[in-house]
Amino acid sequence: MVERKLLVLFGSQTGTAQDTAERIGREAKRRHFQCRVEALDSYDVANLINELLVVFVCATTGQGDPPDNMKMFWRFLFRKNLPPGSLCQLDYAVLGLGDSSYPKFNFVAKKLHKRVLQLGGNPLLPAALGDDQHDLGPDAVVDPWLLALWDKILALYPLPPGLEIISPDVRLPPKYTLHYLAEDSPHPDGGLLQPTAPRAVPSELHPFAARVVSNQRVTAESHFQDVRLIEFDVTGSGITFSAGDVVMIQPQNCPEDVQQFCQLLCLDPDRRFVLKPTEPGKSLPALLPQPCTIRHLVTHYLDISCVPRRSFFELLSYFSTNELEREKLQEFSSAEGQEELYSYCNRPHRTTLEALWDFPHTTCAIPPEYLLDLIPRIRPRAFSIASSMLAHPDRIQILMAVVRYKTRLSKPRRGLCSTWLASLNPEQGDVRVPLWVKKGGMKFPADPDIPVIMIGPGTGVAPFRAAIQERVAQGCRGNCLFFGCRQKSKDFYCQAEWEELVTKGFLTLFTAFSRDQEEKVYVQHRIQENRRLVWELLSSRSAHVYVAG
């Protein structure tokens with residue numbers, strides 16, 4: 001009897017590909033497969049030659065780039081020295097998630113499908129190309145493709161005699177079991193964010209607890225948008241970076257939301273628990289301490305402010321004791337109910353916490369061990385670093401707009417990370433933020449004689465502030481900045497700094513204040529007015545041009 005093993009590997013940036021991979025994992029369990037679901041970079045790619053059945057789920061980011069958690073896999077797969085027949089025993093399928101409004105639509109999925117084919121793999125189906133632009137989202141392609149995929153897979157690996165597909169009415173076991181500790185068991189010392197002794201360079205699994213040095217508003221109080229210049233102290237972290245790099249920040253939920261969530265689910269925030277994996281060999285969530293309190297889990301791990309996905313409503317429907325609520329939840333998780341779900345959730349940006357309010361009978365019946373299946377983890381947020389180590393050693397600065405907007409819901413929508421960061425006041429003691437640094441997509445020329453034209457309206461100017469500080473410290477004078485905002489008196493970030501550099505001859509500055517006159521003026525108008533200079537820099541001095549929004 002052939003072993004019925006399936007491996008699902010995902011490359012995910014925002015969590016959609018991971019959500020889809022986990023859905024395939026659940027469908028595999030219902031068909032009695034031994035199934036592992038892993039991020040591509042957590043998987044030892046050298047084992048791929050031994051695999052018999054793999055489904056790849058991958059998103060495309062930016063201009064046709066692979067997501068961060070599959071970059072190493074990607075480099076390995078495209079090595080020139082891999083023998084053409086090395087994957088000849090592999091049956092595979094590729095599911096892509098993309099957005100057809102970008103020119104390189106599902107580029108990663110198409111390229112992966114072709115490369116595995118070149119290496120001798122046997123495709124079970126043509127690649128699925130899910131599209132965010134479709135009225136029903138990627139599911140319009142994914143749903144029928146998965147039905148066809150299971151037909152193919154079950155033809156190769158039929159169900160063992162006497163076993164049926166587990167009915168969709170039956171709830172699958174959770175990933176982890178949760179064991180509460182006795183109230184009087186000893187408490188280990190120390191919270192999560194003790195500044196740790198430097199081990200390796202900080203990373204997602206080992207962030208550095210950076211002290212907030214300052215948090216200042218850089219827009220006028222009367223301006224509609226709150227923008228902050230925030231400075232972190234990274235002394236002793238081992239962090240190094242150059243202009244164009246990105247700082248990753250791990251945000252947390254606000255205490256009011258955490259309290260509401262615990263009340264809704266009848267959870268005691270101070271109860272301590274340990275997790276045990278339901279399946280042997282499955283690892284525990286890397287970022288959760290063991291033992292852990294409910295408060296810590298909800299504050300630092302569960303993304304209760306994200307817009308819930310279809311899979312959330314599907315799992316929720318199993319806990320429902322109320323017929324009306326269960327019917328609605330089943331509708332939201334069906335293929336036919338996707339338009340309705342979109343207008344309930346996605347269009348108004350309703351949060352997970354708000355959705356739970358709307359299903360009170362179901363919510364108070366959620367078993368705590370299912371929380372990690374139900375709600376995804378809080379993802380880190382990326383910010384362009386707005387300072388240079390040459391100008392500010394041991395410091396990282398970011399320029400951040402606080403996200404706040406209205407939808408048809410009465411309460412304004414708020415960005416999780418920006419609202420949290422804006423609320424931090426370093427004058428109230430030792431305030432710390434978990435962070436690490438990642439290489440950015442922008443590289444500035446090493447040759448000091450090459451001029452740089454930077455177009456950075458609004459907070460898009462952040463990486464250029466880092467570049468200008470770095471280049472000025474190195475004595476480079478060919479710095480040309482086009483900056484745009486609404487009003488000179490309200491949101492002209494870093495005005496004094498730019499004007500000083502202009503006086504010293506280090507910077508050529510062109511500004512566009514769109515609302516300071518009758519007709520709107522934007523950076524593109526200033527570029528057009530100065531086309532002779534721009535062309536001169538490009539044609540005879542080989543200038544590099546950078547745009548950030």
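Criteria and thresholds
Residues numbered from 1 in each chain as written. Predicted model: local features only at pLDDT ≥ 70, side-chain atom pairs only at ≥ 80, totals over all residues. Heavy atoms only, no water. Helix = DSSP H or I, 4+ residues; strand = E, 2+ residues; numbered from the N terminus. Rg over C-alpha atoms; globule rule 2.2 N^0.38 Å. Buried < 20%, exposed > 50% of the residue type's maximum accessible area, 1.4 Å probe, protein only. Areas by Shrake-Rupley, 256 points an atom, 1.4 Å probe, with all protein chains shown as cover. Axes fitted to C-alpha atoms, helices over the stretch in contact; angles between N-to-C directions. Left-handed = near helix turned anticlockwise from the far one by under 90°. Contact = heavy atoms within 4.5 Å. Nonpolar A, V, L, I, M, F, W, Y, C, P; charged D, E, K, R; others polar. Pairing = 2+ DSSP bridges. Expected span 1.5 Å × (residues − 1). Salt bridge = Lys/Arg side-chain N within 4 Å of Asp/Glu carboxyl O. Parallel < 35°, antiparallel > 145°, perpendicular 65-115°, else oblique. Polar contact = N/O pair within 3.5 Å; in protein donor to acceptor, adjacent residues only side chain to side chain. Right-handed = clockwise from strand over helix to strand, strands pointing away. Phe/Tyr/Trp six-rings, centres within 6.5 Å; stacked < 30°, edge-to-face > 60°. Lys NZ or Arg CZ within 6 Å of the ring centre and 35° of its normal.

## Here's the deal with the overall build of the protein
Phase 1: Helix and strand content of the protein: 17 helices and 21 strands.
Phase 2: Taking 2.2 N^0.38 as the reference for a compact globule, 549 residues should give roughly 24 Å; the C-alpha atoms of the protein span a radius of gyration of 26 Å, in line with that estimate.
Phase 3: Taken over the C-alpha atoms alone, the protein extends approximately 85 × 60 × 50 Å along its principal axes.
Phase 4: Counting over 549 residues, the protein shows a buried share of 49%.
Phase 5: Of the roughly 26,800 Å² that the protein leaves accessible, carbon and sulfur atoms contribute 53%.

## Some remarks on the packing of helix α7 (residues 310–319) against helix α8 (residues 323–332)
Phase 1: Axis separation between α7 and α8 bottoms out at 8 Å; the angle between their running directions is 145°. Here the hand of the crossing between α7 and α8 comes out left-handed. For the pair α7 and α8, contact is made by R310, F313, L316 and S317 and by R326, L329, Q330 and F332, respectively.
Phase 2: Classifying every residue of the contact of α7 with α8 gives 4 nonpolar, 2 polar and 2 charged.

## Here's the deal with α7
Side chains three or four residues apart in an α-helix point the same way, a direct result of the helix having 3.6 residues per turn.
Phase 1: The buried fraction of α7 amounts to 8 of the 10 residues, a majority that puts the element mostly inside the structure.
Phase 2: The complete set of buried residues in α7 reads R310, S311, F312, F313, L315, L316, S317 and F319.

## A closer look at the sheet that holds strand β21 (residues 544–547)
Phase 1: Read across the open sheet, the 4 strands follow the order β20-β19-β18-β21; overall the sheet is parallel. Whereas interior strands pair on both sides, the edge strands pair on one side only; in this sheet they are β20 (507–513) and β21. Direction aside, neighbouring strands of the sheet carry axes that sit 10° apart on average.
Phase 2: Pairing of strand β18 (residues 452–455) with β21 involves 4 bridges; the strand directions are parallel. Following the sheet pairing, I455 is matched in β21 by V547.
Phase 3: Of the strands in this sheet, β19 (479–485) and β20 are in contact with helix α15 (residues 495–503), which crosses β20 at around 140°.
Phase 4: The strands touched by helix α17 (residues 531–541) are β18, β19, β20 and β21; relative to β18, the strand with the most contacts, the crossing angle is about 135°.

## Thoughts on helix α1 (residues 16–30)
Phase 1: For α1, with 15 residues, the first-to-last C-alpha span of 21 Å sits near the 21 Å given by 1.5 Å per residue.
Phase 2: Of all the residues in α1, the buried ones are A17, T20, A21, R23, I24, G25, E27, A28 and R30.
Phase 3: For α1, the secondary structure elements touched by its buried residues are β1 (5–11), β2 (34–39), β3 (53–59), β4 (91–98), α4 (139–156) and α7.
Phase 4: One or two steps after α1, the chain reaches H32, where phi turns positive at roughly 60°.

## Side note on the pattern of salt bridges
Phase 1: Scanning all chains against the criterion turns up 28 salt bridges.
Phase 2: A salt bridge links R217 to E221; the shortest N-O distance between them is 3.9 Å.
Phase 3: Take R217: its relative accessible area is 26%, and that puts it in the partly exposed class.
Phase 4: If you follow the salt bridges from partner to partner, you end up with R23, E27, D139, D143 and R310 in one network.

## Re the packing of α1 against α4
Phase 1: Between α1 and α4, whose axes approach to 12 Å, the crossing angle comes to 30°. One finds that α1 runs roughly parallel with respect to α4. The chirality of how α1 crosses α4 is right-handed. Across the interface between the two elements, T20, R23, I24, E27 and A28 of α1 pack against D139, V142, D143, L146 and W150 of α4.

## A short note on the side chain of T60
Phase 1: In this structure, T60 sits in the loop between β3 and α2 (71–77).
Phase 2: By relative accessible area, T60 is classed as buried at 18%.
Phase 3: Within the structure, T60 has its side chain in polar contact with the backbone nitrogen of F107 (distance 3.4 Å).
Phase 4: Residues within four places of T60 in sequence aside, it is in contact with D65, L97, K104, N106, F107, V108 and A109.

## Things to note about the pairing of strand β10 (residues 246–249)
Phase 1: By the alternation rule, side chains of β10 split into V246 and M248 and V247 and I249, which are all buried.
Phase 2: Here 4 bridges tie β10 to strand β13 (residues 381–384), and the two strands are oriented antiparallel to one another. Counterpart to I249 in the pairing with β13 is R381.
Phase 3: Relative to strand β17 (residues 432–438), β10 runs antiparallel, the two sharing 4 bridges. Pairing of V247 across the sheet is with V437, part of β17.

## Concerning the pairing of β1
Phase 1: With respect to burial, β1 is a largely interior element, 6 of its 7 residues being buried.
Phase 2: As judged from the 6 bridges shared by β1 and β2, these two strands associate in the parallel manner. Following the sheet pairing, L9 is matched in β2 by E38.
Phase 3: Handedness of the β-α-β unit built from β1, α1 and β2 comes out right-handed.
Phase 4: For β1 and β3, the ladder comprises 5 bridges, and the chain directions are parallel.

## Focus: the packing of aromatic side chains
Phase 1: A full pass over the atoms with the stated rule returns 15 aromatic pairs.
Phase 2: For the ring pair F313 and Y344, a centre distance of 6.3 Å and an interplane angle of 70° mean the geometry is edge-to-face. Residue F313 is located in helix α7, and its partner Y344 is located in helix α9 (residues 338–346); the two are separated by 31 residues in the primary sequence. The pair formed by F313 and Y344 is uniform in burial state, with each residue classed as buried.
Phase 3: Considering the side-chain rings of F332 and Y344, the 5.0 Å spacing of their centres and the 20° angle between planes classify their relative orientation as stacked. With a gap of 12 residues between them, F332 in helix α8 and Y344 in helix α9 connect regions that are remote in the sequence.
Phase 4: For Y344, a relative accessible area of 14% gives the class buried.
Phase 5: Of the aromatic side chains, those joined through ring pairs into one cluster are F312, F313, F332, Y344 and F359.
Phase 6: The ring of F107 has K104 lying over it, and the distance from NZ or CZ to the ring centre is 4.9 Å.

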